[in-house]
Structure formats: structure tokens, C-alpha cells
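Remarks on the overall topology
Residues per chain, in single letters:
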Amino acid sequence: MKTFSFALLVLAMPVLVVAQSVTHFDAGAKVFRLDGGNSSYVFGVNARGELQQLYWGGRLGATDSFPKAKPAMDWASFDDSYSNTPQEYAGWGAGLFVEPALKVTFADGNRDLVLHYESHTETANGFEVVLKDIKQPVYVTLHYAIDPESGILARSATIENRGTDAVTVEQAAAAAWALPAGHYTLNYLTGRWAGEWTLTQETVHPGARVLESRRGSTGHQANPWFAIQTGDADENHGDVWFGALGWSGSWRITVEQDQLDAVRVTGGFNPFDFGYVLKAVARLETPVFYGGYSAHGLGGASRLLHRYEIAHILPRTQKTAGQPEPELRPVIYNSWEATEFKVTEAGQVALAEKAAALGVDRFVMDDGWFGQRKDDRAGLGDWYVNQEKFPHGLKPLIDKVHALGMDFGLWVEPEMVNPDSDLYRKHPDWVLHFPGRPETEQRNQLVLNLARPDVRDYILGFLDKILTDNDIAFLKWDYNRNWSEPGWDQLPAAEQKRVYVDFTRNLYGILADLRKKHPNVEIESCSGGGGRVDLGILRYTDEVWPSDNTDPFDRLSQQDGFSYAYTPQVMMAWVTDSPHWLNKRTTSVSYRMLSSMQGSLGIGANIANWTPEEAATAKRLIAAYHQVQPTIVQGDLYRLISPRNGSEFSATQTVNHDKSQSVVFAFIHSTQMGRIFPTLKLKGLDPAAQYALTPIEGKARAGAPAAASGAWWMNHGLDFSDDFRGDFQAAAFRLDKR
Ligand code: DGJ
């Protein structure tokens, strides 16, 4: 078998070390090995014919080899080898009691599935390994692709029925990951509407911890990401294994410590209410489950993930096609918190004039511009411009926005319908429902069954028309409820549950088609805030709305949580009004700006009411942000002091990839006992280079150096002014290599 590349490419002068991926199949031992970045992943075919994981962790020596995989021992008749062996993709059958990757029912009621290695091929950065049931023509192709730079492995499966009788898939994972017996801490993200992105940490105990959404979409309550660290690992040090599932429908990740204390993480479609009938020669593709390893703690893990998302997940427009980084997010203005549904041409023009004067790049009109949309009780589904609010259509507003030097964005919520709408009156059968049962409304709306081809065509058609008829640079794509009564009565009873797959696939298909037809349009994934953020939707959308909670203090911990899984490049953060509508907290424009400048900045306040001083502060900070935005959103992020758990202080730092610039943000919740802000030891700089310190907001301590070596900033650290005290205070600095 062919061996790809080699571990390190060392050029003569200057010495340049480029990470290369290696994929190697040892035919004698039947062992597969993938190396990328600083990690290695190894699995083999054991004596029973199962595919067995052998190693996942720090990169091994290029010449190291593994003996043939050996199934784990039978611990007892109750704890058999089938359950103790860490299989790459276990069918539910034989004596398997741990979480299976695949569970099926055959046409005759037989439910035994035992998957054994059949064949494999090598691909550019990985393998395709084919497994087959020991009796039936059910084939599973496991796809492996390792990223040479980060070592992140993309895994998924294609399940194929090559027989003549239908097979019902009741459970299908994308992949299962395994860790040896040990003491581990699990990190995952939980929340609720307006309270997303809480980093939850707990010891891994025997049994299963289930992270999931049964809601038809990703959900606010849990996000499909995990990180598992060894007992002694922390933010900066130690072993961390992490993963994220690329799926925006109902999903499940099961973290299971088995009877011998080994850990498996199995994730894919949520098996709850699941059933996908594979007729003769049909296939089911699972989502992709991405996994990686870092020896540098949770911080190292998120830096790898951020780089991978930027390089390999996020879409490009025509303008950025083929470029290593996606385009920076324009600084936006969004009208939602200022006007809610009361949008009018005159009102939007007035806001656009104010926004342009601040230095905003993009003006986005939110909900309320279409149909009979006066509030959330009517209009969804009727995507024509409301003539009372915009008597001459959208053109005059869009022209005005362009004349002010900004591009124009528009809010849509394509998958939803209000019962009070022309669309629902015409097509009541288009919604998810069980015939003859009540249709549960949430926010006075129902979910269109996007799995239906006619609904898919309708949505693609009206969005294409809006984008063709108007000069629109950006869509904010909203989704404001979860599913209920997920029936699809067009299909035979046994097949209706495929709605869980087809809905999400059609969503991706519409987004892909729109982007193809309108290759410079950018799209935001919003779902009442952060209800649809995952590596599936991020293949088709340029940014996300993390939360409807725009309180700048709450956002510090939400943004902290978000950053474990997702890059600041996609993290939209608006500056809104004070006192804030949710917490009634009063903060300065400067504090609000700095909180939002840690991600992709936007303004969402009623800027018509801002004082000239407030507007001047925002304008100055938008200009400063524009200068350092690439470092903040595409650089390496170091979470220096966490805002979690009631911390008095918090701080983040980002460093660009050539280490020529760094940006530091520091926040005080409430100074207690007169404590001054701790000296911040910076990270990731070039120790030998000189860096000049420039305040963006706030001051360094009197007498602190205006320039010093990277070694100074990292070992001695940055001292803040003694006046940096009080409640809800913020400071920011940039360091530039001289
Ligand atoms: C929920 C979004 O998260 C908000 O930003 C806003 O767009 C409203 N929907 C509009 O209905």
C-alpha cells in the first residue's frame, strides 16, 4: 500500500519545518495510521475482523509501528470482549452492550448486525474503510481525513443496503472515539434562550452522559461539542481530546465510561424517534464528526479548532475563493433592538445615516419589513415587501444605504409560517404536523416541512427572487422555534421519520444553491440567538448570532464559552442600549464596545438616542477595531483570565499567526477591597522580538515600558494603570512588533 508523504519536511536554509500528514497502512499487521499536526490516530483489524481503535494522542515517531490489533479480554461472562473492545464503528449485535454506532432492523425482523472489515482505499489525507455485516449485504464505508496542520480528523460513515429487502436504520453515528481507562473531566456547552454558552465541567463517571438535541435543530440547551481532559490538564497544559459534530438537526453525543473505565464518545443523528428506511441499493450519509487532540490544554484545543474552522469549514464568497482566510466580517448595524417590528423607510434611513457616521460597513434591516408583519403574530411566509412601510419597495432604502457607503443586509426566517399568513391559508399541509392532531404554536408560528420538495422549491424560489431583484449583500437567516408534531404524511408511515435527515439536508441544499447563484452573498445563521451554531451550518454560513442576550457583561462569559468551540471570526457581537433590556444593567459605551470588539463587531443600539460623546467614542473605537480586526478574529486566542464563576476580572489576548501583532482586552466586574488589576503575563509572542504597546482604551501603569521584548511581556507581564478600578471597567491594548 502506498505511503503518503513523511513526518517532517526539513529544508536546508533557513530551517523550515512544515507539518505534513502521513497516512500509512501496514498490510502485515493490518494497522492504519494517520498523522497530522502534533497528533496520531491509529486503528487496526483485529482477529475477529472488527475495526479496533489502537491509539489517539500526541504524534508518534515516524518509524514506530503497532502490532496487530487484539480484541480486549473477556472480563467475565457479564463483561464480554465485544463490549470491552473499542471498536471504530460497532454494529448492535453479537454481545455488544455499550453504545453502538449503528443499529438496524432487517425486513424479516432480524436485528443482529456485526460489522467486519472488508476492504479499504487510501485517499489524499486518509482512508475509506469498508465494513460489511457478517451475513447481510449491509455495507458501511468509514471516511477518515486528517488535516496535516491541526491534526483534526474528519470522520463520517456511508451506510449502504446492497440487498433487495429494505433495512431500517434506527441509530447511526458519524463516528465513535475512544480513550483508554483513566481519570477524565468532560467539558460541554449548555444553556437556554438568552443564556447560551455556559461551559459545564464535570468528572467523567461510569455510565453515560448524553449531550443532545431532540428539537429538530441544534438547540440552545446543548451544543454538539465536547472536550475531555486528563485530571491534571487545564487551560494551558495537558492532554485534551475534543470533537464537534457537523449537524444542524437533532443530534446526540454520548460520553460513556464503560465497565473497565475506558471512555467512548459516540455521536451522530439522534436515535430518539429516528428511523431511516434504506430500500434496495440506497445509502445514508451521516454527518461529519471532527475530532482532535492537544497537549496544550483547553486553550491549545480551541486554537486548533479555530484554525481548522477558518481554513476548512467556513465558506468563501467569489471574492475570497481559494484564499486561506474568509473575508473579515463587516462592522454591521442592525435595527432590531432599536425598532423591533416598527420598521419604516424613514426610520431606517435615519438610523442608516447615524450608522454611516460611526464608520459602520453594513446596514441590516431586521424583522418587520414584509407581509402583514406588525408583530410576531402574522406575516411569516409572505415574503413580499409591506407596501405601507415601504411604498416604493426596498430600492430607495437600499440606494440610500449604498450612497452612505455601506452595503445592505436583510432579515429572513424562511422555514417558518404564521397561521395568520396567506401562505398558511393556501398550504396548511406544508407544516410539520400529525393529521388530526393539534399543531403546537411557538412564538405564534409553525415549522414548514422543508423535507418536502415543494416547500424546498418555494423557499429557494422566494429567496432567489429577493436576491435577484435587490442589491443585497447579506441575509440574516433566523429560525425562532423548535419542532413539534414532526409528521410528514405524504410518505408511507414507515418512512416518515426520514424527515429528521431530509429537512436538514434540504436546508443545506438551499443554502448551497443560493450561494452558487449569488456567489458574493453572505449569510448569518441565527436561531433566536445561538440555537443553530454547529460545524454543519458553518459550511454554508459566514457568521452566527450567538445570543439574543446582548448585555455586555453577560456576553463576556457567553463569548468565553463560545470560544471553546467556535472561532471569534463567526461570533457576531453587537453594542446595544444601556440600561440593558434584559438585566437592566447600566454600562458605558466604552465597556460595551470593548466587550463586543472581542468578536466580529456590530452596533445594535438605538443610535438616534446616543449623545455626541457616546457616538464619538463608538466612532473612535470602530476605527481602532478596523485596524486590528484580523488579529482579533483570525489570530490565536488565549483566555488569560476567565470571566466565569463570578470572577472579579477577566482578560483575553489574541496573537496573529506571524506573531507581529497582539491585542489584549481586560475587564473589571467590580473592584473589591481596592484590588488592582493583576499583572497580565501575555502568551504566544516571539520572545526575541520587540513589541510597542499602544493603548486602544485605558492606560498602562505609569513607568511601564512603551516597548519591550516578547520575553518581557510574557515573563514580566503588562501592568495596568492604578486607576483601572471600579464597576464594569474595560481596557484594551495592541502590541506591534517593531
Ligand atoms: C430573533 C433574533 O435572534 C433577533 O436578533 C431578531 O432578529 C428577532 N428574532 C426578530 O424577530
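Before reading further, recall that the structure is shown in the block above.
Sequence order as written defines residue numbering, which begins from 1 separately in each chain. Given that this is a predicted model, residues contribute local features only at a pLDDT of at least 70 and side-chain atom pairs are listed and counted only at 80 or more, while totals for whole chains, interfaces and linings are drawn from all residues. Each side-chain value is derived from all of the structure's non-hydrogen atoms; neither hydrogens nor water enter the calculation.

The subject of this paragraph is the packing of aromatic side chains. Stacked, edge-to-face and tilted are the three classes for Phe, Tyr and Trp ring pairs, Trp counted by its six-membered ring, which pair at centre distances within 6.5 Å; planes under 30 degrees apart are stacked, over 60 edge-to-face, the rest tilted. According to the stated counting rule, one finds 46 aromatic pairs in the structure shown. Relative to tryptophan 241, the ring of tyrosine 184 lies with its centre 6.1 Å away and its plane at 85 degrees, an arrangement referred to as edge-to-face. Of this pair, tyrosine 184 sits in strand S13 (residues 184-190) while tryptophan 241 sits in strand S17 (residues 240-246), placing them 57 residues apart in sequence. Classification of tyrosine 184 by relative accessible area gives buried; the value is 6%. A connected cluster of aromatic rings, assembled from ring pairs, spans Phe25, Phe32, Tyr41, Phe43, Trp56, Tyr117, Phe127, Tyr144, Trp177, Phe226 and Phe289. Going along the chain from the N terminus, every DSSP run of H or I of four or more residues is numbered as a helix, and every run of E of two or more is numbered as a strand. For every residue, the accessible area obtained with a 1.4 Å probe (protein chains only) is divided by the maximum for its type, and the residue is called buried under 20%, exposed over 50%, and partly exposed between those limits.

Generally speaking, a soluble globular protein has its nonpolar side chains buried in company with each other. Membership of the largest hydrophobic core comes to 178 residues, with the highest contact counts inside it found for Leu51, Tyr89, Leu102, Val169, Leu284, Trp369 and Met593. Put simply, buried Ala, Val, Leu, Ile, Met, Phe, Trp, Tyr and Cys residues joined by side-chain atoms within 4.5 Å make one nonpolar core. Residues Val655, Ile668, Met714 and Leu735 belong to the second largest nonpolar core, which totals 24 residues.

Our next topic: the pairing of strand S31 (residues 572-575). Here S31 shows a buried face lined by Met572 and Trp574 and a second buried face lined by Ala573 and Val575. Any two strands between which DSSP finds at least two bridges are classified as paired. Inspection of the sheet shows S31 paired to strand S32 (residues 600-603) by four bridges, in the parallel sense. The residue bridging tryptophan 574 from the neighbouring strand is glycine 602, located in S32. Handedness of the β-α-β unit built from S31, helix H10 (residues 589-596) and S32 comes out right-handed. When the strands point away from the viewer and the path from the first strand over the helix to the second turns clockwise, the crossover is right-handed.

Taken in spatial order, the eight strands of this open sheet run S30-S29-S28-S25-S24-S23-S32-S31, and their pairing is parallel. The sheet is open, and its two edges are formed by strand S30 (543-544) and S31, each paired on a single side. Inspection of the sheet shows strand S23 (residues 332-334) paired to S32 by two bridges, in the parallel sense. Across the sheet, residue isoleucine 332 finds its bridge partner in S32, namely glycine 602. Contact definition: two residues touch when any of their heavy atoms are within 4.5 Å. Think of each axis as a best-fit line through the C-alpha atoms, taken over the contacting stretch in the case of a helix, with angles from 0 to 180 degrees between the N-to-C directions. Docked against the sheet, helix H8 (residues 499-517) engages strand S28 (474-477) and strand S29 (522-525), running at close to 170 degrees with respect to S28.

With respect to the helices and strands, the residue glycine 368 is situated in the loop between strand S24 (362-365) and helix H5 (395-403). The sequence separation of glycine 368 and arginine 539 amounts to 171 residues, and the corresponding C-alpha distance is 28 Å. Setting aside chain neighbours within four positions, we find glycine 368 in contact with Phe341, Val343, Arg373 and Lys389.

A few words on a nonpolar patch on the surface. On the surface, Trp193, Trp581 and Leu582 cluster together to form a nonpolar patch covering roughly 290 Å² of accessible area. Tracing the backbone through its elements, the reader meets tryptophan 581 in the loop between S31 and H10. Patch membership requires more than 30% relative accessible area and the absence of a salt bridge. Residues of like charge join within 9 Å; the nonpolar side chains Val, Leu, Ile, Met, Phe, Trp and Tyr join within 5 Å. We get accessible surface area from the Shrake-Rupley algorithm with a probe of 1.4 Å; when it comes to residues, only the shown protein chains can shield them. Salt bridge, as applied in this entry: a Lys or Arg side-chain nitrogen positioned within 4 Å of an Asp or Glu carboxyl oxygen.

It is worth spelling out the pattern of salt bridges at this point. The full count for this structure, using the stated rule, is 45 salt bridges. Via salt bridges that share partners, Arg329, Arg362, Asp407, Glu522 and Glu543 belong to a single interconnected network.

Now for the site of the ligand. The environment of the ligand is made up of 13 residues, and the closest members are Asp366, Asp367, Lys476, Asp478 and Asp548. The contact in question runs from an oxygen atom of the ligand to an N or O atom on the side chain of aspartate 367, over 2.6 Å. Contacts to the ligand include glycine 529, whose backbone N or O atom sits 3.1 Å from an oxygen atom. Contact with the protein chains hides 98% of the accessible area of the ligand, taken as 300 Å² for the molecule alone. For this scheme, ten residues count as nonpolar: Ala, Val, Leu, Ile, Met, Phe, Trp, Tyr, Cys and Pro. Four count as charged, namely Asp, Glu, Lys and Arg, and the remainder, Gly too, count as polar. Each residue belonging to the shell around the ligand can be placed in one class, and the counts come to four nonpolar, three polar and six charged. When we say a residue is near a molecule or strand, we mean one of its heavy atoms is within 4 Å of it. Two N or O atoms count as a polar contact when they lie within 3.5 Å, although within protein this holds only if one can serve as hydrogen donor and the other as acceptor, and sequence-adjacent residues are included solely when both atoms are side-chain atoms.

Before going further, it helps to spend a moment on helix H9 (residues 552-565). For an α-helix, 3.6 residues make a turn, and residues three or four places apart therefore share a direction. A helix is expected to span 1.5 Å multiplied by its residue count minus one. Compared with an ideal rise of 1.5 Å per residue, which puts 14 residues at 20 Å, H9 spans 20 Å between its outermost C-alpha atoms and is within 8% of the ideal. Extensive coverage of H9 is indicated by the burial of 13 of its 14 residues. Its side-chain oxygen 2.8 Å from the backbone nitrogen of phenylalanine 553, aspartate 551 forms the N-cap of H9.

For strand S18 (residues 251-257), the buried fraction is high: seven of the seven residues fall into the buried class. With burial as the criterion, each face of S18 is covered, one bearing Trp251, Ile253, Val255 and Gln257 and the other bearing Arg252, Thr254 and Glu256. Pairing of strand S15 (residues 207-213) with S18, which is carried by seven bridges, proceeds in the antiparallel orientation. Bridging across to S18, glutamate 212 finds its partner in arginine 252. Sheet analysis places S18 next to strand S19 (residues 263-269), joined by seven bridges and oriented antiparallel. By the bridge assignment, glutamate 256 is partnered in S19 with arginine 264. Between S18 and S19, which pair antiparallel one after the other, the connecting turn spans five residues, and aspartate 261 there sits at a positive phi close to 75 degrees.

Quick look at the environment of lysine 68 now. Here lysine 68 shows up in the loop between strand S6 (51-58) and helix H1 (81-84). Take lysine 68: its relative accessible area is 43%, and that puts it in the partly exposed class. Taking C-alpha positions, lysine 68 is 7.2 Å from valine 45, a pair spaced 23 residues apart along the chain. Residues within four places of lysine 68 in sequence aside, it is in contact with Ala29, Lys30, Val45 and Asn46. There is a polar contact of 3.4 Å between the side chain of lysine 68 and the backbone oxygen of valine 45.

On to the packing of helix H4 (residues 345-358) against H5. For any two helices packed against each other, one specifies the crossing angle of their axes together with the interaxial distance. Their axes nearest at 10 Å, the elements H4 and H5 cross at an angle of 10 degrees. Taken together, the axis directions place H4 and H5 in an arrangement best described as roughly parallel. Between H4 and H5, the contacting residues are Glu345, Gln348, Val349, Ala352 and Glu353 on the first element and Pro396, Leu397, Lys400 and Val401 on the second. For the contact of H4 with H5, the class distribution of residues is five nonpolar, one polar and three charged. Throughout this description, any angle smaller than 35 degrees is read as roughly parallel, any larger than 145 degrees as roughly antiparallel, any in the 65 to 115 degree range as roughly perpendicular, and the remainder as oblique.

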